[in-house]
2 protein chains.
Amino acid sequence: MSKRLQTKVGRGITLLQVARRAECSTASVSRVLNDPEHVTPDIRARVEEAMRDLGYMPNGAARALRSLRSRIMGIVIPTLNHAIYAGMVEALQQRLAGSEYSLLVATSEYDLTREEQQARLLVERGVEGLVLVGDNHRPELYRLLDRTPYVNTYVYKADSDHPCVGFDNRRATFEITEFLVGLGHCRFGMISAVTAGNDRASDRVAGVRAALETYNLSLPPEAVYERPYSILSGREGVRYLRTLTPSPTAIICGNDVLAMGALAECRAAGISVPDEISLVGFDNLEFAAHLDPPLTTMEVPAAEMGARAADFLLSQVSGKLDLHSVHLEPNLIVRRTTGRAPLPDSR
Amino acid sequence: MSKRLQTKVGRGITLLQVARRAECSTASVSRVLNDPEHVTPDIRARVEEAMRDLGYMPNGAARALRSLRSRIMGIVIPTLNHAIYAGMVEALQQRLAGSEYSLLVATSEYDLTREEQQARLLVERGVEGLVLVGDNHRPELYRLLDRTPYVNTYVYKADSDHPCVGFDNRRATFEITEFLVGLGHCRFGMISAVTAGNDRASDRVAGVRAALETYNLSLPPEAVYERPYSILSGREGVRYLRTLTPSPTAIICGNDVLAMGALAECRAAGISVPDEISLVGFDNLEFAAHLDPPLTTMEVPAAEMGARAADFLLSQVSGKLDLHSVHLEPNLIVRRTTGRAPLPDSR
DNA sequence: CCTTTGTCTGTAATCGTTTACTCATCGACC
DNA sequence: GGTCGATGAGTAAACGATTACAGACAAAGG
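Residues numbered from 1 in each chain as written. Chains lettered and ligands numbered in written order. Predicted model: local features only at pLDDT ≥ 70, side-chain atom pairs only at ≥ 80, totals over all residues. Heavy atoms only, no water.

1. Let's talk about the overall build of chain A
Heads up, the rule is: Where helices and strands are cited, they refer to DSSP runs of H or I of at least four residues and of E of at least two residues respectively, numbered from the N terminus. C-alpha atoms define the radius of gyration in this analysis, and the globule rule sets the expected value at 2.2 Å times the number of residues to the power 0.38. Burial classes follow relative accessibility: with a 1.4 Å probe on protein chains only, a residue under 20% of its type's maximum area counts as buried, one over 50% as exposed, and anything between as partly exposed. Whether two residues are in contact is decided by their heavy atoms: any pair within 4.5 Å suffices. To be clear on the numbers: accessible area is Shrake-Rupley with a 1.4 Å probe, and residue cover counts the displayed protein chains and nothing else. Counting rule for charge: Lys and Arg are taken as positive, Asp and Glu as negative, and neither His nor the chain ends is counted. All charge positions are set by atom: Lys at NZ, Arg at CZ, Asp at CG, Glu at CD.
Helix and strand counts for chain A come out as twelve helices and twelve strands. Expected size for 347 residues packed as a compact globule is a radius of gyration near 20 Å; at 26 Å, chain A overshoots this value by more than 25%. If you line up chain A on its principal axes, its C-alpha atoms span 90 × 55 × 40 Å. Burial statistics for chain A: of 347 residues in total, 56% are counted as buried. Contacts spanning at least 24 positions in sequence make up 70% of the contacts within chain A whose residues lie at least 6 apart. In the form shown here, chain A has an accessible surface area of approximately 15,400 Å², with 49% of it arising from carbon and sulfur atoms. Across chain A, the centroid of the 39 positively charged side chains sits 7 Å from that of the 42 negatively charged ones.

Right, here's the structure in full:
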């Protein structure tokens, strides 16, 4: 039926038309586009004028096909929903835009299979580099990235084969835990994101556990409440952890969003923070400082990770090949949801 | 100097190699890729096997060049920082991914010139459709979109020439205001995002103003505190509005982020909400329900806008041309930051 | 004055697909 | 049994840029 749908003719102005109007070769036009210094001012001026007159816009597909450079980078993040990765993506995008690169964004929904599919799609689109979150990816994904520069973020492992820009999640929660132990806490609970397929989440749990063992304390499995990121999960986490006997005096949350929920639940239940329970978040999202009381949390260098990831890929595609992972430090920000453990008898 | 940088040879497996191995023509290979029903099972099987064996991946640039379909959509949003647009982008991306489309994301930083530049970049990259926020764009941008489908979001204007998916910002704050007037409030303040070049923000201010005038009340210029989105701005807003005499009993915020700041400041200053001041936000972000007290706010259909915008563009590129804007309704969610105006003498 | 060197332009091949055409085959129908 | 249509496969020409390569020319050096 609708036979002539594709019959659109005018595909826009081409470089050839510019060349004709400027009375020069296509090569010259291409050169003023990509290498303006190496063309005489005379020709350059004519070409630029022709471009303006015609409203010329380069065809990205043709450029990419011929030059092997799409000027597009890609990123696969778990989700955009909770602003957790938004800051990183924002910084990444900004830095890329500064180098005339665009950013393709895809989400994995915390599913490694979907992550691989999405990454594959991005590679097919011709991204020159790929940013990933975490370093626990399907082997197929790594194989796919054989010829494509990539960098893992939100993670740093010195011994990893894969380039990364990030921090050590395990050490971060280790540090949080030591801090809390120093305040006299000995009964811990944790509200964590789902750890399956999420190395950041499981490393954070592992960090708490490792630190506690150092002090002959422990984090039994039932003291870890594991749910998808959301404020509600944080609330439920507190409700659940209070059912334990003895119930924890310190709750470490895998994320500020969970911590916000936890704090809201404490308030609703009339539990005093930090007098009865100390609460720690992770990420230092914008709101953390404005909660009541202000949230003690581990600040992660989200914007810097985004910028550094961009730099990493940009240098990679411009030929610098001996690049190393970059190790960033998170930063414990002690505010007022943490305090000395309550006296044992006050339990 | 570095002359042989580009000497990378292997560009990967091409369709021609697949054709050779499957012992058929490139046309057939292309057909099993794009139109599998119209090729005999025999050939199809051979081609699919060859693809698997060789690890073939289509070259997006070549496809796009020849077929005029990049399978990429673009979006330019003000920012990713405050999660305001994240929900919409998330839904958009998901819906697009379901149709094998990828999403290029760029940010304007609330700057119309930058918005146009970024949009131009996306169009050069060959996006088949473009999502924008608001409908106040540079004329050059609209001209650029002459041949590219696009849709404005977060805005709905029946009389507009431009397709949009969204709601009426003016009417939304009109409604909020009427609600507050109904509670007996007559002194209003507003904490708004920067209105310059931001039609959503200025429409929201206009809506408040229009409603008040209906009731012979007014919103004098000095009662509008206008700052970039941030929690801090919300806090400052309250501090500022309290210096007015008489100071407002009802404060409408252009956004939940501002409202959160406002609420935090009230708490810090010992101002009782809603007894002394009623506070209303906008967006119904996840945290709104979990503030203390829970925030009264205008819920906007962010996810639905994203999905509908995707649908709009997808149908547009698949030939359906007589598409109309879609009008969504925001929804006032009354929680507990709003209450009856304090008695005049208690001022 | 001739050669050498360097700089700038133009010609034309090429990137990896899709697709308009052509041709062959086969079944159905008259 | 011949013709017509439909269907499927192959050939080769695009798509719009970039870039080896070669040629032209000028400046510099002997």
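Now, onward.
2. Structural notes on the protein's contact with DNA strand D
Put simply, the rule is: Residues are labelled near a given molecule or strand when at least one of their non-hydrogen atoms is within 4 Å of it. Whenever two N or O atoms come within 3.5 Å, that pair is a polar contact, provided that in protein one can donate a hydrogen and the other can accept it, and provided that, for residues adjacent in sequence, both atoms are side-chain atoms. Each residue gets one of three labels, nonpolar for Ala, Val, Leu, Ile, Met, Phe, Trp, Tyr, Cys and Pro, charged for Asp, Glu, Lys and Arg, and polar for the others, Gly among them.
Taken together, 27 residues surround DNA strand D, and among them Leu15(A), Ser30(A), Arg66(A), Ser28(B) and Thr40(B) come closest. Between DNA strand D and the protein, one listed contact pairs a phosphate oxygen with a side-chain N or O atom of Ser30(A) at 2.5 Å. A distance of 2.7 Å separates a base oxygen of DNA strand D from a polar side-chain atom of Arg66(A). Counting only elements with at least two residues in the surface near DNA strand D, the list comes to α2 (26–34) and α4 (60–67) of chain A together with α2 (26–34) and α4 (60–67) of chain B. At five residues, the largest contribution of residues to the surface near DNA strand D is made by α4(A). For the surface near DNA strand D, the class distribution of residues is twelve nonpolar, ten polar and five charged.

3. So, the environment of Leu217(A)
Residue and element names in this part refer to chain A. Here Leu217 lies in the loop between α9 (199–214) and β7 (224–226). Residues Leu217 and Phe188 lie 29 residues apart in sequence; the distance between their C-alpha atoms is 8.9 Å. Beyond its immediate sequence surroundings of up to four residues, Leu217 is in contact with Val181, His185, Cys186, Phe188 and Leu212.

4. A few points about the domain arrangement of chain A
All names here are of chain A. Put simply, the test is: The start and end points of each domain follow an automatic or database-based domain assignment. By buried area we mean how much accessible surface two parts lose on assembly, using a 1.4 Å probe and totalling the loss over both. For salt bridges, the criterion is a side-chain nitrogen of Lys or Arg within 4 Å of an Asp or Glu carboxyl oxygen.
By domain assignment, chain A separates into domain 1 (10–58), domain 2 (72–167 + 302–329) and domain 3 (169–299 + 332–346). The distance between the C-alpha centroids of domain 2 and domain 3 comes to 29 Å. Each partner contributes residues to the interface: domain 2 has 17 residues there, and domain 3 has 15 residues. Roughly 1,200 Å² of surface becomes buried between domain 2 and domain 3 when both sides are summed, with 51% attributable to carbon and sulfur atoms. Here Lys157 ties to Asp203 by a salt bridge, and the two come within 3.6 Å at their closest N and O atoms. The interface formed by domain 2 and domain 3 includes seven residue pairs in polar contact (both at pLDDT 80 or more). Grouping the constituent residues of the side of domain 2 that touches domain 3 by class yields ten nonpolar, four polar and three charged.

5. Quick word on the relation of the copies chain B and chain A
Put simply, the test is: Copy-to-copy alignment: least squares on C-alpha atoms, limited to residues at pLDDT 70 or above in both.
Of the two same-sequence chains, chain B is brought onto chain A (RMSD 0.1 Å, axial shift 0.0 Å) by a rotation of 180°. The superposition operator between the copies reduces to a two-fold rotation axis. When you check the interface residues of chain B against chain A, 100% turn up at the interface there too, and the contact is symmetric in its surfaces.

6. Focus: the sheet that holds strand β2 (residues 102–107) of chain A
Filter applied, for reference: By this definition, two strands are paired if DSSP reports at least two bridges between them.
Here we have twelve strands laid out as an open sheet, ordered β11(A)-β5(A)-β4(A)-β3(A)-β1(A)-β2(A)-β2(B)-β1(B)-β3(B)-β4(B)-β5(B)-β11(B), and mixed in their pairing. A single partner strand is all that each edge strand has here, and the edge strands are β11 (326–327) of chain A together with β11 (326–327) of chain B. As defined by bridge partners, strand β1 (residues 72–77) of chain B adjoins strand β3 (residues 129–133) of chain B across four bridges and the pair is classed as parallel. By the bridge assignment for β3(B), Met73(B) is matched with Gly129(B).

7. Focus on the interface of chain B and chain A
Between chain B and chain A, the residue contacts involve 59 residues of the former and 59 residues of the latter. A buried area of about 5,000 Å², summed over both sides, lies between chain B and chain A, and 56% of it is on carbon and sulfur atoms. Taken together, chain B and chain A are joined by two salt bridges. Along the contact surface separating chain B from chain A lie 26 residue pairs in polar contact (both at pLDDT 80 or more). Taken together, the elements giving at least two residues each to the side of chain B that touches chain A come down to α4, α5 (86–98), β2 (102–107), α6 (112–124), α10 (231–242) and α11 (256–269) of chain B. Considered class by class, the residues forming the side of chain B that touches chain A number 29 nonpolar, 15 polar and 15 charged. Of the pairings in the sheet, the one linking β2(A) to β2(B) comprises three bridges and is antiparallel in character. In the strand pairing of β2(B), Leu104(A) is matched with Leu104(B).

8. Considering the side chain of Asp256(B)
Along the chain, Asp256(B) falls in helix α11. For Asp256(B), which is buried and forms no salt bridge, the nearest opposite charge comes from Arg335(B), at a distance of 5.9 Å.

9. A closer look at the pairing of strand β9 (residues 278–283) of chain B
Residue and element names in this part refer to chain B. This is how the line gets drawn: Looking down the strands as they point away from the viewer, one classifies a crossover as right-handed if the path from the first strand across the helix to the second runs clockwise.
Counting buried positions along β9 yields six of six residues, so the element is predominantly enclosed. Relative to β9, strand β8 (residues 250–253) runs parallel, the two being bridged by three bridges. Note on β9: the bridge partner recorded for Ala250 is Ser278. Crossover β8 to β9 through α11 is right-handed. Sheet topology places β9 next to strand β10 (residues 296–299); four bridges connect them, and they run parallel. Paired with Asp283 across the two strands is Glu299, which belongs to β10.

10. Points about the pairing of strand β4 (residues 150–153) of chain B
Residue and element names in this part refer to chain B. Taking every second residue as pointing to the same face, both faces of β4 are buried, with Tyr150 and Asn152 on one and Val151 and Thr153 on the other. Pairing geometry for β3 and β4, over four bridges, is parallel. Opposite Leu132, over in β4, you have Asn152 as the bridge partner. Handedness of the β-α-β unit built from β3, helix α7 (residues 139–144) and β4 comes out right-handed. As judged from the two bridges shared by β4 and strand β5 (residues 164–166), these two strands associate in the parallel manner. Bridge pairing in β5 places Thr153 opposite Val165.

11. Overview of the protein's contact with DNA strand C
The full set close to DNA strand C counts 27 residues, and Thr40(A), Arg66(A), Leu15(B), Ser30(B) and Arg66(B) are the nearest of them. In this structure, a phosphate oxygen belonging to DNA strand C sits 3.1 Å away from a main-chain N or O atom of Ser25(A). One nitrogen or oxygen atom from the main chain of Leu15(B) is found 2.6 Å from a phosphate oxygen belonging to DNA strand C. Looking at the surface near DNA strand C residue by residue, the classes come out as eleven nonpolar, eleven polar and five charged.

12. Structural notes on the sheet that holds strand β6 (residues 188–192) of chain B
For sheets, the rule is that strands pair by backbone hydrogen bonds, running either parallel or antiparallel. Residue and element names in this part refer to chain B. For clarity, the cut-off: To get an axis, fit a line to the C-alpha atoms, keeping to the stretch in contact for a helix; angles then go from 0 to 180 degrees between the N-to-C directions.
Taken in spatial order, the six strands of this open sheet run β7-β6-β8-β9-β10-β12, and their pairing is mixed. Strands at the two margins of the open sheet, each flanked by one partner only, are β7 (224–226) and β12 (331–333). Neighbour-to-neighbour, the strand axes of this sheet turn through a mean angle of 15°, independent of strand direction. Note: β6 against β8, four bridges, orientation parallel. For Ile191, the partnering residue across the bridge sits in β8 and is Cys253. In this fold helix α8 (residues 169–182) packs onto β6, β8, β9, β10 and β12, with an angle of close to 160° to the strand it touches most, β9. On top of the sheet, α10 reaches β6, β7 and β8; it is set at about 155° to β6, its chief contact.

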